[in-house]
Amino acid sequence: MIYYDVSMKITPDMQVYKNKDSKKPVFRVASDFDTSPAHETEVTMNLHTGTHMDFPLHMIKDGQTSSKLELNRLIREVKVFDMTHIKDAISKDDLVDLDICKNDFILFKTQNSYEDKFNFKFIYIDQSAALYLNQKEIRGVGVDALGVERDQENHMTHKLLFEKDIYIIEGLRLKEIKQGSYFMYALPIKMDHADALLLSVILVA
Ligand SMILES: [Zn+2]
């Protein structure tokens, strides 16, 4: 078996959404051996930085949070689709010929996986594709961008996915991953009332 870690590494200079300083992780040594018998580090970071899953509260007032998390939906078979030919956005036309079925969890590998700096023109899922996935009643979708959409009016991609309780994973790194089926362990840090949770995501082939 081969284990692929498809998570982003958390570092102070990692790529963050729109390069905003407020989204960059800040590491601070809280104590060291000069002052204390133990070395301890504090990290301050936005939960939408790095590999993470979004909950409806992210885009919907009073939406569901991490308090209602079903772990079994994150430890399961997934299908990876190679979408590296796409230049701007994944739309419905790009999906209709793919083997996407009800209850699938699908991951899209795009050019985003080859970029270590934030690209303001990252590949995203447009509204027509989100509606298609909504109608297909998939269970989850993962992307290799820090957003499942970018600057779409009313955030319809998020909303169409949340409407059918489709889990959204953002910030995957899929450069090493070929199209195909894998077993996924997407393991969140346990937290209540959050609009996102950091994930460590391992694919097994
Ligand atoms: Zn997010």
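Structure first, text after, so check above.
Below is a short write-up of the structure.

Parameters at a glance
- In every chain, residue numbers begin from 1 and rise along the written sequence.
- The model is predicted, so local features are restricted to residues of pLDDT at least 70 and side-chain atom pairs to those at 80 or more, both for listing and for counting; the totals for chains, interfaces and linings are taken over all residues.
- Working from all heavy atoms in the structure, the side-chain values ignore hydrogens and water.
- By the criteria applied, helices consist of DSSP H or I runs no shorter than four residues and strands consist of E runs no shorter than two, each listed in order from the N terminus.
- With C-alpha atoms as the basis for the radius of gyration, the globule rule is written as 2.2 Å multiplied by the number of residues raised to the power 0.38.
- The cut-offs for exposure are 20% and 50% of the maximum accessible area for each residue type, with area from a 1.4 Å probe on protein chains only; residues under the lower value are buried, those over the upper are exposed, and the others partly exposed.
- Any two residues whose heavy atoms approach within 4.5 Å at even a single point are treated as in contact.
- Any two strands are treated as partners once DSSP identifies two or more bridges connecting them.
- Only nitrogen, oxygen and sulfur atoms count as donors, using a 2.8 Å cut-off from the metal that widens to 3.2 Å for Na, K and Ca. Water is left out, so coordination shells may look unfilled.
- The set of buried Ala, Val, Leu, Ile, Met, Phe, Trp, Tyr and Cys residues whose side-chain atoms join them within 4.5 Å is what this entry labels a nonpolar core.
- Stacked, tilted and edge-to-face are the three classes assigned to paired rings of Phe, Tyr and Trp, where Trp is represented by its six-membered ring and a pair needs centres within 6.5 Å; plane angles under 30 degrees give stacked, over 60 edge-to-face, the rest tilted.
- A ring is considered to have a charge above it if a Lys NZ or an Arg CZ atom is located within 6 Å of its centre and within 35 degrees of its normal.

## Things to note about the overall build of the chain
Right, so step 1: Counting secondary structure elements, the chain contains three helices and twelve strands.
Right, so step 2: What you see for the chain is a C-alpha radius of gyration of 17 Å, in line with the 17 Å of a compact globule of 205 residues.
Right, so step 3: Along the three orthogonal principal directions, the C-alpha set of the chain runs to about 60 × 40 × 35 Å.
Right, so step 4: Counting every position in the chain, which comprises 205 residues, the buried fraction comes to 47%.
Right, so step 5: Sequence separation of at least 24 residues holds for 73% of the intrachain contacts in the chain that already meet a minimum separation of 6.

## Section: the pairing of strand β11 (residues 180-188)
Right, so step 1: Pairing of strand β5 (residues 75-82) with β11 involves six bridges; the strand directions are antiparallel. Paired with Ile 75 across the two strands is Tyr 185, which belongs to β11.
Right, so step 2: Relative to strand β12 (residues 196-204), β11 is paired through six bridges, and the arrangement is antiparallel. Across the sheet, the residue bridging to Tyr 185 is Ile 202, located in β12.

## Things to note about the coordination of the zinc ion
Right, so step 1: For the zinc ion, the protein coordination sphere consists of His 48 (ND1), His 52 (NE2), Asp 54 (OD) and Glu 170 (OE), at 2.1 to 2.3 Å.
Right, so step 2: With a relative accessible area of 9%, His 48 lands in the buried category.
Right, so step 3: Judged by relative accessible area, which is 2%, Glu 170 ranks as buried.

## Overview of the nonpolar core
Right, so step 1: Among the nonpolar cores identified, the biggest contains 24 residues, and Ile 90, Leu 95, Phe 108, Ile 125, Leu 133 and Val 141 are the most heavily contacted of them.
Right, so step 2: Sorting the residues of this core by element identifies β7 (105-109), α2 (127-136), β9 (140-143) and α3 (156-163) as the ones contributing at least two each.
Right, so step 3: In terms of residues, this core owes the most to one element, α2, which gives four residues.
Right, so step 4: What Ile 90 contacts, discounting residues up to four positions off in sequence, is Met 83, Leu 95, Phe 108, Thr 110, Ile 123, Tyr 124, Ile 125, Asp 126 and Ala 129.
Right, so step 5: If you look at the next biggest cluster of nonpolar residues, it comprises 21 residues, including Leu 174, Ile 177, Ala 194 and Val 201.

## Points about α2
One turn of the α-helix equals 3.6 residues, which is why residues spaced by three or four share an orientation.
Right, so step 1: When we look at burial in α2, the residues that qualify are Ala 129, Ala 130, Tyr 132, Leu 133 and Asn 134.
Right, so step 2: Of the surrounding elements, those touching the buried residues of α2 are β6 (89-90), α1 (92-95), β7, β8 (124-125), β9 and α3.
Right, so step 3: In the segment just after α2, Glu 137 is the residue with positive phi, at about 55°.

## Thoughts on the packing of aromatic side chains
Right, so step 1: In the structure shown here, the tally under the stated rule is seven aromatic pairs.
Right, so step 2: When the ring of Tyr 17 is compared with that of Phe 118, the centres are 5.5 Å apart and the planes differ by 70°; the resulting orientation is edge-to-face. Separated by 101 residues along the polypeptide, Tyr 17 in the loop between β1 (3-5) and β2 (26-31) and Phe 118 in the loop between β7 and β8 bring together distant segments of the chain. Here Tyr 17 and Phe 118 have matching classes, each one buried.
Right, so step 3: Taking the centre distance of 5.0 Å and the plane angle of 85° together, the rings of Phe 118 and Phe 120 count as edge-to-face.
Right, so step 4: When its relative accessible area of 47% is taken as the criterion, Phe 120 is described as partly exposed.
Right, so step 5: One aromatic cluster is present, formed by Tyr 17, Phe 118, Phe 120 and Phe 122 through successive ring pairs.
Right, so step 6: The ring centre of Tyr 167 lies 3.7 Å from the NZ or CZ of Arg 73, which sits over that ring.

## A word on α3
Right, so step 1: Turning to α3, its buried residues are Thr 157, His 158, Leu 160, Leu 161 and Phe 162.
Right, so step 2: Residues of α3 that are buried sit in contact with β4 (52-54), β8, α2, β9 and β10 (167-170).

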